[in-house]
Amino acid sequence: MPLIAIDVLRHRTPDELRLLLDTVHEAMVEAFEVPDTDRYQVLTQHEPGELVLLDTDLGFERSERVVVIRVTSRQRTSEAKQAFYRLLATRLQERCGVSPADLMVSIVENGPDDWSFGGGVAQFVTGDL
């Protein structure tokens, strides 16, 4: 049940934002093999100048279409993470016009006692999930 935070610059239409969210979710479901109903996404739009994303000397040229994706998740295999990165790069370019150079992804892993989906209960620990 990954929690996905997405940061973009403020200029996209509501339809473009919905397509972006849907595309990220589909890639996550496929790569991490989680149910389609495991959808937890937070989208934040920023004014120009509020996102600073240099290229770490990798030669990327960023544009105003930059997308930053932060995933908080239980542990995933290296293969699943690599598949997620590939699916995101391919599908965001095809469906949303986001260049792979404009995509930055970070995955932070945690354990069962690091999640509460509501009610003040750690559902992975109690066995509810």
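Up top you'll find the structure we're talking about.
Residues numbered from 1 in each chain as written. Predicted model: local features only at pLDDT ≥ 70, side-chain atom pairs only at ≥ 80, totals over all residues. Heavy atoms only, no water.

**Student:** I'd like a description of the layout of surface pockets, backed by residues and values.
**Tutor:** The space that makes up the largest pocket amounts to roughly 220 Å³. Surrounding the largest pocket, Leu54, Thr56, Leu58, Phe60, Arg62, Tyr85, Pro100, Ala101, Leu103, Met104 and Val105 form its lining. At 3 residues, the largest contribution of residues to the lining of the largest pocket is made by strand β4 (residues 103-110). Its residues placed into classes, the lining of the largest pocket shows 9 nonpolar, 1 polar and 1 charged. (1 Å grid on protein atoms, 1.4 Å probe; cavity = no way out; pocket = protein on both sides within 12 Å on 5 of 7 lines; lining within 4 Å. Points joined across faces, edges and corners; volume = space filled by probe spheres on them. Helix = DSSP H or I, 4+ residues; strand = E, 2+ residues; numbered from the N terminus. Nonpolar A, V, L, I, M, F, W, Y, C, P; charged D, E, K, R; others polar.)

**Student:** Outline helix α2 (residues 78-96), supporting the account with residue identities and numerical values.
**Tutor:** Residues three or four positions apart in an α-helix share a direction because the helix packs 3.6 residues into each turn. Taking 1.5 Å per residue as the helical rise, α2 with its 19 residues ought to reach 27 Å, and the 26 Å between its terminal C-alpha atoms agrees with that figure. For α2, the complete set of buried residues consists of Ala80, Lys81, Ala83, Phe84, Leu87, Leu88, Ala89, Arg91, Leu92 and Cys96. Of the surrounding secondary structure, the elements contacted by the buried residues of α2 are α1 (14-32), β3 (67-74) and β4. Looking one or two residues beyond α2, the residue adopting positive phi is Gly97, at roughly 70°. (Expected span 1.5 Å × (residues − 1). Buried < 20%, exposed > 50% of the residue type's maximum accessible area, 1.4 Å probe, protein only. Contact = heavy atoms within 4.5 Å.)

**Student:** Describe the nonpolar core, naming the residues involved and giving the relevant values.
**Tutor:** In this structure, Ile6, Phe32, Val67, Ile69, Phe84, Leu88 and Leu92 are the most contacted members of the largest nonpolar core, which totals 27 residues. Elements represented by at least two residues in this core include exactly β1 (3-9), α1, β3, α2 and β4. Of the residues forming this core, the biggest block, 9 residues, is contributed by α1. Setting aside residues no more than four positions away along its own chain, Ile6 makes contact with Leu20, Leu21, Val24, Gln41, Val42, Leu43, Thr44, Val67, Val68 and Ile69. (Core = buried A, V, L, I, M, F, W, Y, C linked by side-chain atoms within 4.5 Å.)

**Student:** Mind laying out a nonpolar patch on the surface, listing which residues take part and the relevant values?
**Tutor:** Taken together, the side chains of Leu3, Tyr40 and Val42 make up a nonpolar region of the molecular surface, amounting to roughly 230 Å² of accessible area. Its location among the elements puts Val42 in strand β2 (residues 40-46). With a relative accessible area of 43%, Val42 lands in the partly exposed category. (Patch = residues over 30% accessible without salt bridge, like charges linked within 9 Å, V, L, I, M, F, W, Y side chains within 5 Å. Areas by Shrake-Rupley, 256 points an atom, 1.4 Å probe, with all protein chains shown as cover. Salt bridge = Lys/Arg side-chain N within 4 Å of Asp/Glu carboxyl O.)

**Student:** How would you sum up the pairing of β2? Please name residues and give values.
**Tutor:** The pairing of β1 with β2 spans 7 bridges and is classified as parallel. Across the sheet, Asp7 pairs through a bridge with Thr44, a residue of β2. Between the parallel elements β1 and β2, the chain passes through α1 in a crossover that is right-handed. (Pairing = 2+ DSSP bridges. Right-handed = clockwise from strand over helix to strand, strands pointing away.)

**Student:** So, the packing of α1 against α2: which residues are in play, and what are the values?
**Tutor:** Two elements in contact, α1 and α2, have axes whose closest approach is 9 Å; the angle formed by their N-to-C orientations is 150°. With respect to α2, the element α1 is oriented roughly antiparallel. Note that α1 runs across α2; the crossing there is right-handed. Residue-level contacts link Leu19, Leu20, Thr23, Val24, Glu26, Ala27, Met28, Glu30, Ala31 and Phe32 of α1 to Ala80, Lys81, Ala83, Phe84, Leu87, Leu88, Arg91, Leu92, Arg95 and Cys96 of α2. (Axes fitted to C-alpha atoms, helices over the stretch in contact; angles between N-to-C directions. Parallel < 35°, antiparallel > 145°, perpendicular 65-115°, else oblique. Left-handed = near helix turned anticlockwise from the far one by under 90°.)

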